[in-house]
Amino acid sequence: FPVTIPKADTKVCFTSAIPTKSEGNFQKRSAPYIVISTKDSQTLTIIATSGYSYSQNSNNSAIMAIPNSKHSFNMQVVGEMAIISDPKTVDSIIDLLKPASNLVLEGKSHVSSSSKDTFSLAGFSKSLEQLKKACTPDKKTETKHTPPSKKHSTDAKQHKPTNAKKPAKPAK
């Protein structure tokens, strides 16, 4: 199911999944997952992790594959994150995922271990539809963001006003 995170004047929405099957020669790793996110319901980004820092010395240290479609995509890696953000590529992937039953994320770590995580796509199309609906701006209620007043700010760096009197002006 999609989750919506309102922040300032931008709403971030995403849907995520954890693998139904994991294979590989990894010793230790965090939980792998995949996320599809958007800020405006039009431009989607695919973010994934295999749960470890990816190899920076390989063009194929994170590969998203759609079984039975013969399509695979190299993902840009940054530390533990693998990303596909090019709108045309993401749209192509989304079109391939809708009729598919599984998605496979293959990863190679910086210490030469590897993993293969399989994600179920059951309910993917409905989740994507809800994601886009949740993040579509509502023209009737859309307002411009105005910064909070100093009195109501939750910014820890901002000093709260005090009731202390101002020093008297020196006499001339």
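Look above for the structure.
Report on the accompanying structure. For every chain, the first residue of the written sequence is number 1, and numbering continues from 1 along that sequence. With pLDDT at 70 or above as the cut-off, local features in this predicted model cover only qualifying residues; side-chain atom pairs require 80 or more to be listed or tallied, and sums for whole chains, interfaces and linings still use all residues. Neither water nor hydrogens contribute to the side-chain values; these are computed over all heavy atoms in the structure.

Those residues of helix H1 (residues 87-97) lying buried are Val90, Ile93, Ile94 and Leu97. End-on view of H1: buried residues confined to an arc of 100°, all on one side of the axis. H1 presents Lys88 and Asp95 as exposed residues on the side facing more than 90 degrees away from its buried surface. Accessibility here uses a 1.4 Å probe with only protein chains present; expressed as a share of the type maximum, an area under 20% marks a residue as buried, one over 50% as exposed, and anything in between as partly exposed. What counts as a helix is a DSSP run of H or I of at least four residues, what counts as a strand is a run of E of at least two, and both are numbered from the N terminus. Here the arc refers to the directions that run from the helix axis out to each C-beta atom.

So, on to the nonpolar core. In this structure, Ile46 and Met75 are the most contacted members of the largest nonpolar core, which totals 29 residues. Within the residue set of this core, elements represented by two or more residues are strand E4 (33-38), strand E5 (44-49), strand E6 (62-66), strand E9 (81-84), H1, strand E10 (102-108) and helix H2 (124-134). Within this scheme, the nonpolar core is defined by two criteria: the residues are buried Ala, Val, Leu, Ile, Met, Phe, Trp, Tyr or Cys, and they are joined through side-chain atoms within 4.5 Å.

Turning next to the packing of aromatic side chains. Each Phe, Tyr or Trp ring (for Trp, its six-membered ring) is paired with any other whose centre lies within 6.5 Å, and the angle between the two planes then decides the class: stacked below 30 degrees, edge-to-face above 60, tilted in between. By the definition in use, this model includes one aromatic pair. Ring centres of tyrosine 52 and tyrosine 54 lie 5.7 Å apart, and the angle between their planes is 65°; this geometry places the pair in the edge-to-face category. Note on accessibility: tyrosine 52 and tyrosine 54 belong to one class, buried. Looking at arginine 29, its charged tip hangs above the ring of phenylalanine 26, at a distance of 3.9 Å from the centre. Remark: a charge is flagged as sitting over a ring if the NZ atom of Lys or the CZ atom of Arg is within 6 Å of the ring centre and within 35 degrees of the ring normal.

Let us now look at the environment of glycine 107. By the element assignment, glycine 107 lies in strand E10. On a C-alpha basis, the gap between glycine 107 and asparagine 60 in space is 8.0 Å, while along the polypeptide they are 47 residues apart. The contact criterion used is simple: two residues touch if any of their non-hydrogen atoms lie within 4.5 Å. For glycine 107, the residues in contact, after removing those within four places along its chain, are Ser50, Tyr52, Tyr54, Ser61, Ser113, Ser114 and Ser115.

For the rest of this paragraph, the subject is the environment of alanine 48. Position of alanine 48 relative to the elements: it lies in strand E5. Looking at alanine 48, the relative accessible area reads 0%, which means it is buried. Through-space distance from the C-alpha of alanine 48 to that of proline 32 is 7.5 Å; in sequence the pair is 16 residues apart. Ignoring any residue separated from it by four or fewer positions in sequence, one finds alanine 48 in contact with Tyr33, Ile34, Tyr54, Met75, Glu80, Met81, Ala82 and Leu105.

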